[in-house]
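Each chain is listed here by its residues.
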Amino acid sequence: MPTLLMVGVGMFGRPYISAARQLGARVHAVEVPARAQAIADRVDGVTICSGESDEAWAEAAVMAATVCHPSGVVAYSEPHVLGAALVQDEFGLPGPSLRAAVISRNKALQRGRFAAAGIGQPDFLVTSRLSDAADWAGARLPVVVKPLSSAGSAGVELVPDAAAFREVAARRDADGMLLVERAVTGPEYSWEALVRDGKIWFANLTAKE
């Protein structure tokens, strides 16, 4: 019997469980303790994840895969992508490449790839200590400060002037690696696409307010 490994389930991932059941597959889930109990009676097994970081999800996903030997793996949300890709790479399963997953979870790597491809983008700087970027940012204000990973705009701040930058730097100097980029104005769009075998199978372009 095939087994689907779900790295994260949440609420919106539950239809995947139902779909897998209809296909005659077993389901093994990876979840944090707070959400694991709610799905325990819906799946065949659960591996507990110790935290919400990419690294914690990746560790738990690989541990789960060594137990259930999945036929397929699904990542529920952004923090789960790297863990699912590691399982895909280790077990030879179809899905986004490990390279694509790593780049998708690191804004600095994305900026570097954009630059190499000649894609226009704001001036940016990667710094391990925000206060060290004061002179660079001061010449480009307003700027945006953001973590390299994370999701849903968590940790993203618009810094309008020098006084605000000093306050943000004092508050976030211990945050570690951060991306600082020149703030730009204009219409903002979100583009989602499914690409397989070099072809775009689905694309959705929406304007963001």
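Structure: see above.
Residue positions within a chain follow its written sequence, with the count starting from 1. With the structure being a predicted model, the display of local features is reserved for residues of pLDDT at least 70 and the display and counting of side-chain atom pairs for 80 or more, all residues being used for whole-chain, interface and lining totals. Each side-chain value is derived from all of the structure's non-hydrogen atoms; neither hydrogens nor water enter the calculation.

A few words on the nonpolar core. For the purposes of this section, nonpolar cores are sets of buried Ala, Val, Leu, Ile, Met, Phe, Trp, Tyr and Cys residues that join through side-chain atoms within 4.5 Å. Type-normalised accessible area, obtained with a 1.4 Å probe on protein chains alone, sets the label of each residue: buried when under 20%, exposed when over 50%, and partly exposed for intermediate values. In this structure, Leu5, Val7, Val30, Cys49, Trp57, Val73 and Val87 are the most contacted members of the largest nonpolar core, which totals 16 residues. Elements represented by at least two residues in this core include exactly β1 (3-7), α3 (54-68) and α4 (81-91). With seven residues, α3 is the largest single contributor of residues to this core. Among the nonpolar cores identified, the runner-up in size contains twelve residues, and Ala133, Val143, Val168 and Leu178 belong to it. For helices the rule is a DSSP run of H or I covering at least 4 residues; for strands it is a run of E covering at least 2, with both sets numbered from the N terminus onward.

It is the contact of α3 with α4, at a shortest axis distance of 8 Å, that shows an interaxial angle of 35°. As α3 runs across α4, the sense of the crossing is right-handed. The residues of α4 that touch α3, namely those facing Trp57, Ala58, Ala61, Val62, Ala65 and Thr66, are Gly83, Leu86, Val87 and Phe91. Helix axes use the C-alpha atoms of the stretch in contact, all axes being lines fitted to C-alpha atoms, and the angles between their N-to-C directions lie in the range 0 to 180 degrees. Left-handed describes a crossing whose near helix is turned anticlockwise from the far helix through less than a right angle; right-handed describes the clockwise counterpart. In what follows, a contact means two residues having at least one pair of non-hydrogen atoms within 4.5 Å.

Here the focus is the sheet that holds strand β7 (residues 157-159). Only when DSSP finds a minimum of two bridges between them are two strands counted as paired. In spatial order, the strands read β5-β8-β6-β7; together these four strands make up an open sheet with antiparallel pairing. Each of the sheet's edge strands pairs with one partner strand only, and the pair in question is β5 (124-127) and β7. Across the sheet, the mean angle from the axis of one strand to that of its neighbour is 25°, orientation sign disregarded. The pairing of β5 with strand β8 (residues 178-182) spans four bridges and is antiparallel.

Here the focus is the layout of surface pockets. In this structure, the second largest pocket occupies an estimated 170 Å³ of space. Both cavities and pockets are sets of points on a 1 Å grid over the protein atoms alone; in a cavity a 1.4 Å probe fits but cannot get out, in a pocket the set is open with protein on both sides within 12 Å along at least five of seven lines, and lining residues sit with an atom within 4 Å of a point. Around the second largest pocket, the lining residues are Glu52, Ser53, Asp54, Glu55, Pro79, Leu82, Val102, Arg105, Asn106, Ser149 and Ser150. Here the lining of the second largest pocket is composed, by residue class, of three nonpolar, four polar and four charged. Grid points are joined across faces, edges and corners, and a volume is the space filled by probe spheres set on the points. Side-chain classes follow a simple rule in which Ala, Val, Leu, Ile, Met, Phe, Trp, Tyr, Cys and Pro form the nonpolar group, Asp, Glu, Lys and Arg form the charged group, and the remainder, Gly included, forms the polar group.

Moving on, we come to the sheet that holds β1. Reading across from one edge, β3-β2-β1-β4 is the order of the four strands in this open sheet, with parallel pairing throughout. The open sheet terminates on both sides in strands that have one partner only, identified here as β3 (45-48) and β4 (72-75). Averaged over all pairs of adjacent strands, the angle between their axes in this sheet comes to 20°, without regard to strand direction. When strand β2 (residues 26-31) meets β3, the two strands line up parallel, connected through four bridges. Within the sheet, the bridge partner assigned to alanine 29 lies in β3 and is valine 46. Lying over the sheet, α4 contacts β1 and β4, oriented at roughly 165° with respect to β4.

A cis amide bond links leucine 141 to the next residue, proline 142, at an omega of 0°. Its place among the elements puts proline 142 in the loop between α7 (134-138) and β6 (143-147). The backbone of histidine 69 sits at a positive phi, close to 45°, despite the residue not being glycine. For histidine 69, a relative accessible area of 55% translates into the label exposed.

In short, geometric facts, not functional conclusions.
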